[in-house]
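Residue-level structure breakdown
Listed below are the residues making up each chain.
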Amino acid sequence: MCGIVGFTGTRQAAPILLEGLSKLEYRGYDSAGIAVRDGDGRTEVVKAKGRLKALEEKTDCGLAMKGCCGIGHTRWATHGEPSEANAHPHISDDMDVVAVHNGIIENFREIKEKLSKKGYTFYSQTDTEAVVKLIDYYYKKYNSGPVDAISKAMVRVRGSYALAVMFKDHPGEIYAARKDSPMIIGVENGEAYLASDVPAILKHTRNVYYIGNLELAKLSPEGVEFYNIDGDIIEKEPTEIKWDAESAEKGGYAHFMIKEIHEQPKAVSDTLASAVKDGRIDLSAVGLSDEDIEGIGQIIIVACGSSYHVGISAQYVIEDLARIPVRVELASEFRYRDPILKKDDMVIFISQSGETADTLEALRDVKRRGIRTLAIVNVVGSSIAREADNVFYTLAGPEIAVATTKAYSTQLIVCYLLAVQFAKVRGEIDEERYVSLISELMSLPAKMQRLLDDKERIQWFASKFSNSKDIFFIGRGIDYAICMEGSLKLKEISYIHSEAYAAGELKHGTISLIEDGTLVVGVLTQNDLFEKIISNMVEVKSRGAYLMGLTTYGHYNIEDTVDFTVYTPQTDEHFTPSLAIIPLQLMAYYVSLAKGLDADKPRNLAKSVTVE
Ligand code: F6R
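Below, the structure is looked at part by part. (Residues numbered from 1 in each chain as written. Predicted model: local features only at pLDDT ≥ 70, side-chain atom pairs only at ≥ 80, totals over all residues. Heavy atoms only, no water.)

Things to note about the overall build of the protein chain
Put simply, the rule is: Secondary structure follows DSSP: runs of H or I at least 4 residues long count as helices, runs of E at least 2 residues long count as strands, and numbering of each begins at the N terminus. All radius of gyration figures rest on C-alpha atoms, and the globule criterion is 2.2 Å times the number of residues raised to 0.38. Three exposure classes are used, based on accessible area relative to the maximum for each residue type with a 1.4 Å probe and protein chains only: buried under 20%, partly exposed in between, and exposed over 50%. Any two residues whose heavy atoms approach within 4.5 Å at even a single point are treated as in contact. Method for areas: the Shrake-Rupley scheme with a 1.4 Å probe, in which residue coverage is limited to the protein chains shown. His residues and chain termini do not enter the charge count, which takes Lys and Arg as positive and Asp and Glu as negative. Here the site of a charge means atom NZ of a Lys, CZ of an Arg, CG of an Asp or CD of a Glu.
Looking only at helices and strands, one finds 19 helices and 27 strands in the protein chain. In summary, the protein chain has a C-alpha radius of gyration of 25 Å against a globular reference of 25 Å for 612 residues, a match within 12%. Each of the three principal axes of the protein chain carries a C-alpha extent, and together these read 75 × 55 × 45 Å. Of all 612 residues assigned to the protein chain, the portion counted as buried reaches 62%. Counting contacts in the protein chain only where the partners sit at least 6 residues apart, residues at least 24 apart contribute 71% of the total. If you sum the accessible surface of the protein chain, you get close to 22500 Å²; carbon and sulfur atoms cover 48% of it. Here the protein chain carries 69 positive and 88 negative side-chain charges, and the mean point of each set is 4 Å from the other.

Here it is as structure tokens:
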């Protein structure tokens, strides 16, 4: 969703802000803007609808704007259409206060009404303009400085926000406040940076502070000061970011997505190495003891999108290996009912960003009920990571492409590790099986690499089907979970309508959609279900479908039925999603490429969904 950057120091701010915004493009946006303040408090604001390029052109790549302190924003429209007027920064009528905002202010209409009566005029349809003017109102009414004015506004507004604000009387200073929307602050050599996410400032600093909920910060070339909502100074320690700056660059690939697809063997291998020591799984860093594991009554997995699909795969694996009942829930549904949870339940939240609004709220709800929570998160220090009782970090590194690939793969690995360890601790598998499952896990990165080395066939096949109207994915059991992710990958970046079906469900309605030439991808990685899926594929073939089969080496008889086959290396059947997903990710990417689309920035989508 919206991206925020801020800079104050001794260099010109505008080029740094534009560069920072370009690193946040992956979050999704439809307009952008920057505000730069010079030493005398003079402010210049430039905004543009569309891509950052338009803003760069308007500002001569930032060179036309003078000043060493500024804020910038990429906007993903929530209130008001994408337009220059609705783009941020927004300003108070006299330009005393300038601000950018990420989040949603729920009671903005009420605030607008109140301020209109006090003589304020509104020029945009946004909720943000109401906050900017509210801060200006308190700033002038109480004359007690920026922290006081912002705190008073924080008490008055309802919703979520990451705010960066500049005040005319305080040149060189940026004030930040946050509730439920991500924001980080970096400090290095007399310069201070602010951003919605690490990649925007990674080039400049690795020392990052996380602002907590309902906290404020003042950035200046002298450093950063933090305050609670009462205006008292609070102390914070920086966290060192270990991601290397290159991992946030394209490094010769046409898109981040294809680069991240290729990074999967390493990401998986790093994640495995973080928990497998001397051939055994060690969950001590996660904080899970054997007693904790023995005491689990039921597991509930809560997540959104692809992370939810990981949960579906995990359900099969955990139930099968550890014999613990597992429920998988969409966070956006789970949080709005009154789920029945027991004291010995463990609720696992899966999130790449650690900031997905629905997942975060679901976590808070579960914590209020006193139930144990475990988060599987990629972004260190993100809200979900900080608020869960236990955290298992995926080591995927920064994921920039909107469509997740390497984070998905590392989340799967974490779920396998939990399943195998839970199974061993609870006596469901013996030592021999334990050792063999771990060794199978350790062999996955090399097998993933083999699939990547053979990508040209998929590229050729993808280009043949890039004009499809509909594509269906069918499978049973774990293969159905793979289909769900394969179908989402394809539709989100190629805009081809696609659905995943549990193959046994086809006859209950969907089969009527099959026409001559409709591509149906069957996933068949499970021995017991192989024949059943083949029968379903024959059924659609006889209605005109063109069949692609995705199976493991050895199942050569599939070629009697299907038109195009992709084989994956053999592995334990529980772990097949890690391999089968790679050809499907490649297929989605190459279909999007053949259609001339930008796979990294699919329309209408945002990387991190920080509003519900
Ligand atoms: C799809 C995709 C999304 C995310 C979902 C959850 O490719 O990336 O479906 O999986 O928005 O995001 P996180 O994992 O950050 O909570």
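Here we look at the state of the cysteines
Test applied: Sulfur atoms of two cysteines make up a disulfide when they are within 2.5 Å.
This structure, assessed with the given rule, holds 0 disulfides. Between Cys68, a free cysteine, and Cys69, which holds the nearest cysteine sulfur, the sulfur-to-sulfur gap is 8.6 Å.

Considerations on the nonpolar core
Filter applied, for reference: Put simply, a nonpolar core is a bunch of buried Ala, Val, Leu, Ile, Met, Phe, Trp, Tyr and Cys residues held in one set by side-chain atoms that sit within 4.5 Å of each other.
Of all hydrophobic cores here, the largest spans 125 residues; its most connected members are Phe392, Leu418, Val420, Phe422 and Met587. Among the elements that take part in this core, helix 13 (residues 406-425) stands out by supplying 13 residues, more than any other. Sequence-distant contacts of Met587, that is, excluding residues within four places in its chain, are made with Ile458, Phe461, Ala462, Phe473, Leu519, Val521 and Met548. Membership of the second largest hydrophobic core comes to 30 residues, among which are Tyr139, Met154, Leu163 and Phe167.

Comments concerning unusual backbone geometry
With an omega of 0°, the peptide bond running from His88 to Pro89 counts as cis. Mapped onto the elements of the fold, Pro89 is located in the loop between strand 4 (69-75) and strand 5 (90-91). The phi dihedral of Asn143 is positive, around 50°, even though this residue is not glycine. Taking the relative accessible area as the measure of exposure, Asn143 reaches 66% and is therefore exposed.

Re the packing of aromatic side chains
Test applied: Ring geometry is summarised as follows: Phe, Tyr and Trp rings, the Trp one being its six-membered ring, pair when their centres sit within 6.5 Å, and such pairs are stacked at plane angles under 30 degrees, edge-to-face over 60 and tilted between the two. Two conditions define a charge located above a ring, namely a distance within 6 Å from the ring centre to NZ of Lys or CZ of Arg, and an angle within 35 degrees of the ring normal.
Taken as a whole and judged by the stated rule, the model has 16 aromatic pairs. On the numbers, 5.4 Å between centres and 55° between planes, the contact of Tyr137 with Tyr138 is tilted. The two residues Tyr137 and Tyr138 agree in class, both being buried. Ring centres of Tyr209 and Phe226 lie 5.4 Å apart, and the angle between their planes is 45°; on these two criteria the pair is classed as tilted. With a gap of 17 residues between them, Tyr209 in strand 11 (residues 207-210) and Phe226 in strand 13 (residues 223-228) connect regions that are remote in the sequence. Using a relative accessible area of 3% as the deciding quantity, one classes Phe226 as buried. Through a chain of ring-to-ring contacts, three or more aromatic side chains come together here, namely Trp460, Phe461, Phe465, Tyr546 and Phe564. The ring centre of Tyr142 lies 4.5 Å from the NZ or CZ of Lys152, which sits over that ring. Geometry around Phe226 places Lys236 over its ring, the cationic atom sitting 5.6 Å from the centre.

Comments concerning the sheet that holds strand 18 (residues 298-303)
What counts is decided by this rule: At least two bridges found by DSSP between two strands are what make those strands a pair. A fitted line through C-alpha atoms serves as each axis, taken over the contacting stretch for helices, and the angle formed by two N-to-C directions is quoted from 0 to 180°.
Taken in spatial order, the 5 strands make up an open sheet running 19-18-20-21-22, and their pairing is parallel. Among the strands making up the open sheet, the edge pair consists of strand 19 (326-330) and strand 22 (390-393). Taken over all neighbouring pairs, the strand axes of this sheet differ in orientation by 20° on average, direction set aside. Of the strand pairs in this sheet, strand 18 and strand 20 (residues 345-351) are connected by 6 bridges, and their pairing is parallel. By the bridge assignment, Val302 is partnered in strand 20 with Phe349. Packed on one face of the sheet, helix 13 meets strand 18, strand 20, strand 21 (372-377) and strand 22 and runs near 140° to strand 21.

Notes on helix 3 (residues 108-117)
Under the convention used in this document: To obtain the arc, one takes the directions from the helix axis to the C-beta atoms.
Within helix 3, burial applies to Phe108, Ile111, Lys112 and Leu115. Burial along helix 3 is one-sided: seen end-on, the buried residues are contained in an arc of 100°. For helix 3, the exposed residues lying more than 90 degrees away from the buried face are Arg109, Glu113 and Lys117. Looking at the buried residues of helix 3, the elements they touch are strand 6 (97-105), helix 4 (128-142) and helix 5 (146-156). Gly119 sits one or two residues past helix 3 and shows a positive phi near 100°.

Notes on empty space enclosed by the protein
Condition: A cavity here means a set of points on a 1 Å grid, drawn over the protein atoms and nothing else, where a 1.4 Å probe fits but cannot get out; a pocket is an open set with protein on both sides within 12 Å along at least five of seven lines, and a residue lines either one if it has an atom within 4 Å of a point. Grid points are joined across faces, edges and corners, and a volume is the space filled by probe spheres set on the points. Residue polarity is assigned by list, with Asp, Glu, Lys and Arg as charged and Ala, Val, Leu, Ile, Met, Phe, Trp, Tyr, Cys and Pro as nonpolar; anything else, Gly included, falls into the polar class.
What the rule picks out here adds up to 6 cavities of 30 Å³ or more. Quantified by volume, the largest cavity comes out at close to 180 Å³. Taken together, 21 residues make up the lining of the largest cavity; nearest its centre are Pro182, Ser196, Asp197, Glu355 and Val379. Classifying every residue of the lining of the largest cavity by side-chain character gives 8 nonpolar, 7 polar and 6 charged. Its boundaries defined by the atoms lining it, the second largest cavity holds a volume of some 70 Å³. As for the second largest cavity, its lining consists of Val5, Gly6, Phe7, Ile16, Leu17, Glu19, Gly20, Tyr193, Leu194, Ala200, Ile201 and His204. For the lining of the second largest cavity, the elements supplying multiple residues, two or more each, are strand 1 (3-8), helix 1 (13-23) and strand 10 (191-195).

Examining helix 5
Looking at helix 5, one finds that the buried residues are Pro146, Val147, Ala149, Ile150, Ser151, Ala153 and Met154. Against helix 4, strand 7 (159-167), strand 8 (174-179), strand 12 (215-220) and strand 13 lie the buried residues of helix 5.

Describing the side chain of Thr205
Note the cut-off: Throughout this description, a polar contact denotes any pair of N or O atoms lying within 3.5 Å of each other; where both atoms belong to protein, one of them has to be capable of donating a hydrogen while the other can accept it, and for residues adjacent in sequence the pair is counted only when both atoms sit in side chains.
Among the secondary structure elements, Thr205 is positioned in the loop between strand 10 and strand 11. Looking at Thr205, its side chain comes within polar contact range of the main-chain oxygen of Val187, at 3.4 Å. Other than its neighbours up to four places away in sequence, Thr205 contacts Gly186, Val187, Glu188 and Tyr193.

Describing the environment of Val131
As for its placement among the helices and strands, Val131 is situated in helix 4. For the pair Val131 and Ile474, spaced 343 residues apart in sequence, the C-alpha separation works out to 49 Å. Other than its neighbours up to four places away in sequence, Val131 contacts Ile105 and Leu163.

Examining the site of the ligand
Heads up, the condition is: Throughout, the term near means that a residue has one or more heavy atoms lying within 4 Å of the molecule or strand in question.
Of all residues adjacent to the ligand, which total 14 residues, the nearest are Ser307, Ser351, Ser353, Thr356 and Glu492. A distance of 2.5 Å separates an oxygen atom of the ligand from a polar atom in the side chain of Thr356. Note that an oxygen atom of the ligand is positioned 2.8 Å from one of the side-chain N or O atoms of Lys489. When residues of the shell around the ligand are traced back to their parent elements, those giving at least two are helix 9 (305-322) and helix 17 (478-494). Tallied by class, the residues present in the shell around the ligand amount to 4 nonpolar, 8 polar and 2 charged.

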